[in-house]
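# Tertiary structure, described
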Amino acid sequence: MIFNGLIKNLIAAVIAAYWPLWIFGVIIILVDLIAFNSATQTFIIAILSFTAAAVIFHEIGHIIGIKLVAKLPFHSIRITTRLFQTTLNHQPVEEKIWMTIVWSGSLMNIFIGLAGWLILPNGFYQGMWAALQIGFGIINLMPFSPDGEKLFAYYQAKEQKI
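Now for a description of the structure that goes with this document. Since the model is a prediction, treat every value here as computed from it, not as a measurement.

When helices and strands are tallied, the protein shows six helices and two strands. The order of helices and strands in the protein, counted from the N terminus, is α-α-α-β-β-α-α-α. On the principal axes, the C-alpha backbone points of the protein span a range of 60 × 35 × 30 Å. For the protein, buried positions account for 36% of its 162 residues. In the protein, once contacts between residues fewer than 6 apart in sequence are set aside, the share between residues at least 24 apart is 65%. Total accessible area on the protein stands at roughly 9,800 Å², and carbon and sulfur atoms take up 72% of it. Counting 9 positive and 7 negative side-chain charges, the protein places the centres of these two groups 11 Å from one another.

What follows is the structure, encoded as structure tokens:
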């Protein structure tokens, strides 16, 4: 039951953190529908949905890491949001365990992207799903993202100790 509540809170947090994206998407859909009467609304809705799914799966990867590796209870996880950022807060853990939790979000995106590539029917949306999921996972490992920043600092400090 606690896990279900955590996932509901996570979905609400993602919607709250990415509200400008949703408003922009709705405006584009309405303009496209009213002014141009074209069929690109499906594409825009797919992009918005796949982006939200990438964020949700990424954070679920962290939640699984927190539960399986750090062995912390679900009720100890707190979700915070800022504009275009969703963060999970939990009790302090050992540094190696923390790095595993950081890696788990991006690995979840890459796994879900590959699974979608294999499971979804062939076509444009199969490729878009895989590209968005895997791309989101890789971007989150870059030093300019919150997860990548943590990984970069950890491995840089580790290298300086050697």
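Past the structure itself, the notes keep going.
Summarising the sheet, strand β1 (residues 78–82) and strand β2 (residues 85–89) pair through five bridges and their orientation is antiparallel. Following the sheet pairing, T80 is matched in β2 by T87.

Moving on, we come to unusual backbone geometry. A positive phi angle, close to 55°, is found at K71, a residue other than glycine. Topologically, K71 is positioned in the loop between α3 (41–68) and β1.

If you add up the space inside the largest pocket, you get close to 480 Å³. Looking at the largest pocket, it is lined by 24 residues, and the ones nearest its centre are H58, E59, T86, P146 and D147. Grouping the constituent residues of the lining of the largest pocket by class yields twelve nonpolar, nine polar and three charged.

Membership of the largest hydrophobic core comes to 24 residues, with the highest contact counts inside it found for L10, V14, I60, I63, I66 and I77. Of the residues forming this core, the biggest block, nine residues, is contributed by α3. Setting aside chain neighbours within four positions, we find I77 in contact with L6, I63, I66, L88 and N89.

Rules of the game
Residues numbered from 1 in each chain as written. Predicted model: local features only at pLDDT ≥ 70, side-chain atom pairs only at ≥ 80, totals over all residues. Heavy atoms only, no water. Helix = DSSP H or I, 4+ residues; strand = E, 2+ residues; numbered from the N terminus. Buried < 20%, exposed > 50% of the residue type's maximum accessible area, 1.4 Å probe, protein only. Contact = heavy atoms within 4.5 Å. Areas by Shrake-Rupley, 256 points an atom, 1.4 Å probe, with all protein chains shown as cover. Lys, Arg positive; Asp, Glu negative; His and termini not counted. Charge placed at Lys NZ, Arg CZ, Asp CG, Glu CD. Pairing = 2+ DSSP bridges. 1 Å grid on protein atoms, 1.4 Å probe; cavity = no way out; pocket = protein on both sides within 12 Å on 5 of 7 lines; lining within 4 Å. Points joined across faces, edges and corners; volume = space filled by probe spheres on them. Nonpolar A, V, L, I, M, F, W, Y, C, P; charged D, E, K, R; others polar. Core = buried A, V, L, I, M, F, W, Y, C linked by side-chain atoms within 4.5 Å.

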